[in-house]
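Structural features, examined
For reference, the chains in residue letters:
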Amino acid sequence: MDTSSKGNSNNLEHAIAGGVSGFVTRFACQPFDVVKIRFQLQVEPIANHHVSKYHSLLQAFYLIFKEEGISAFWKGHVPAQLLSVIYGTSQFYSYNVLIHEFHNFSLLNEWKYSTKFVAGAGAGFIATTISFPFDTLRTRLVAQSNNHVVYKGIFHSCSCIIRHESPKAFFYGLLPTVLQIVPHTGLQFAFYAFFSDMYKKYYKETDTSFFNSIISGSTAGLLAKTAVYPFDLSRKRLQIQGFKNGRKGFGTFFECKGLIDCLKLTIRKEGIKGLFKGLVPSQLKASMTTALHFTIYEQSLIVLRVLRLYISEK
């Protein structure tokens, strides 16, 4: 990934490319996210048993389609898109700025992948904090059933949360999210750089090609997501606290008081396996998302730089 050029125009290109990447990636991968969230919020075992609403990936897709229609796979898509665009814009902008700053320290340049991990972690922290309220709105819209609608849309959900709960509710689950996203984003950038360099070395390439981005991005996404998954599950469960009415028809409602309590209760009631509910659709989504995220970002940068050169020559 080219992050060595300087200037405000360069930072703007990274921000725009990140926003475009977030938008396209979200639209393509939203169905996997919906299924993943449904699994994460299900307290009952994921097994072929009458008490479990969802017990396999294909069955979950079929059941959601049968009961709620095709549109259910893009439920909560507006706040999800706002989340993705804001997150992608701030993440790649922050990453580019941090990498520039790190280049001023010669010692850090010797630890290439460690530096990318730290820059990625910092960018993840900044992007997560800025975009988190949209993540909460998206989770609640996805979590509710079409048969028990509590929120009618993004603006209605905002007003209901402020009126019936408090503005703090927009940040429920922020701690496990930060604990998850900081290492997750750091690992994504470090793994992506590592596998991208390996690909270039093997195929004797100088620039990051389209196929390099796809392969390196999917591998990085798979490994990074698996490493931090229990925090992702805890975040979703914390985000629906205070939203019991919207979960009618989905089984037992999971109640907890914080991150540690959430992890302890999950293990006590559902076993260690409970911490990894929804892992398979999450891994599929992470591989697709990260591959698209980096590929579209890289290709968008190329287009923006060509446009900048074309305009400067006029």
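As annotated in an unreviewed UniProt entry, the chain is Mitochondrial thiamine pyrophosphate carrier from Bombus terrestris. The record held by UniProt for the chain lists under Sequence similarities (unreviewed entry) the comment "Belongs to the mitochondrial carrier (TC 2.A.29) family."

1. Thoughts on the UniProt feature "transmembrane region" (unreviewed entry) in the chain
Taking the UniProt record as the reference, the feature "transmembrane region" (unreviewed entry) is found at residues 169-195. Within the segment residues 169-195, helix and strand shares are 81% and 0% respectively, and the terminal C-alpha atoms sit 39 Å apart.

2. Digging into the nonpolar core
Val35, Phe39, Leu41, Tyr54, Ala60, Ile64 and Ile240 are the most contacted members of the largest nonpolar core, which has 15 residues in total. For this core, the secondary structure elements donating two or more residues are helix 1 (8-40), helix 2 (57-68) and helix 5 (112-143). Considering every element that reaches this core, the biggest residue donor is helix 1, with four residues. Every residue in contact with Ile64, bar those within four places of it in the chain, is listed here: Val34, Val35, Arg38, Tyr54, Gly69, Ala72 and Phe73. Within the second largest apolar cluster, 14 residues are counted, among which are Phe92, Phe102, Phe189 and Leu301.

3. Topic: the packing of helix 5 against helix 7 (residues 174-203)
With their axes 7 Å apart at the nearest point, helix 5 and helix 7 run at an angle of 140° to one another. By the angle between their axes, helix 5 is oblique relative to helix 7. In this structure, the crossing between helix 5 and helix 7 has a hand that is right-handed. Classifying every residue of the contact of helix 5 with helix 7 by side-chain character gives 15 nonpolar, six polar and three charged.

4. Notes on unusual backbone geometry
Of note in this structure, Lys204 is not a glycine but carries a positive phi near 55°. As for its placement among the helices and strands, Lys204 is situated in the loop between helix 7 and helix 8 (210-239).

5. Thoughts on the pattern of salt bridges
Summed over the entire model, instances satisfying the criterion amount to 15 salt bridges. The salt bridge involving Arg26 is made with Asp33; its shortest N-O contact spans 3.0 Å. A residue is classified by how much of its surface remains accessible, and Asp33, at 2% relative accessible area, is buried. Close ionic contact of Lys236 with Asp135 constitutes a salt bridge, the shortest N to O distance being 3.4 Å. In this pair, Lys236 is assigned in helix 8 and Asp135 in helix 5, connecting sequence segments 101 residues apart. According to the relative accessible area criterion, Lys236 is buried, its value standing at 0%.

6. Some remarks on the packing of aromatic side chains
For the structure on display, the rule yields 18 aromatic pairs. Measuring from ring centre to ring centre gives 5.3 Å for Phe194 and Phe195, while their planes differ by 75°; the resulting arrangement is edge-to-face. Where Phe210 meets Phe211, the ring centres are 5.6 Å apart and the plane angle is 85°; that geometry is what we call edge-to-face. Accessibility expressed as a relative area gives 42% for Phe210, which makes it partly exposed. Aromatic ring contacts, followed pair by pair, group Phe92, Tyr95, Phe189, Tyr192, Phe294 and Tyr297 into a single cluster.

7. As for the side chain of Glu13
Mapped onto the elements of the fold, Glu13 is located in helix 1. The exposure class assigned to Glu13 is buried, which follows from its relative accessible area of 6%.

8. Details of a nonpolar patch on the surface
Nonpolar side chains collect at one region of the surface, where Leu12, Ile16, Val20, Phe23 and Val24 lie side by side and expose about 410 Å² of accessible area between them. Residue class for Ile16 comes out partly exposed when judged on its relative accessible area of 38%.

9. Quick look at the environment of Val228
Within the secondary structure layout, Val228 lies in helix 8. Through-space distance from the C-alpha of Val228 to that of Leu179 is 8.5 Å; in sequence the pair is 49 residues apart.

Conventions and cut-offs
Residues numbered from 1 in each chain as written. Predicted model: local features only at pLDDT ≥ 70, side-chain atom pairs only at ≥ 80, totals over all residues. Heavy atoms only, no water. UniProt positions renumbered as here; feature names shortened; annotations may be inferred. Helix = DSSP H or I, 4+ residues; strand = E, 2+ residues; numbered from the N terminus. Core = buried A, V, L, I, M, F, W, Y, C linked by side-chain atoms within 4.5 Å. Buried < 20%, exposed > 50% of the residue type's maximum accessible area, 1.4 Å probe, protein only. Contact = heavy atoms within 4.5 Å. Axes fitted to C-alpha atoms, helices over the stretch in contact; angles between N-to-C directions. Parallel < 35°, antiparallel > 145°, perpendicular 65-115°, else oblique. Left-handed = near helix turned anticlockwise from the far one by under 90°. Nonpolar A, V, L, I, M, F, W, Y, C, P; charged D, E, K, R; others polar. Salt bridge = Lys/Arg side-chain N within 4 Å of Asp/Glu carboxyl O. Phe/Tyr/Trp six-rings, centres within 6.5 Å; stacked < 30°, edge-to-face > 60°. Patch = residues over 30% accessible without salt bridge, like charges linked within 9 Å, V, L, I, M, F, W, Y side chains within 5 Å. Areas by Shrake-Rupley, 256 points an atom, 1.4 Å probe, with all protein chains shown as cover.

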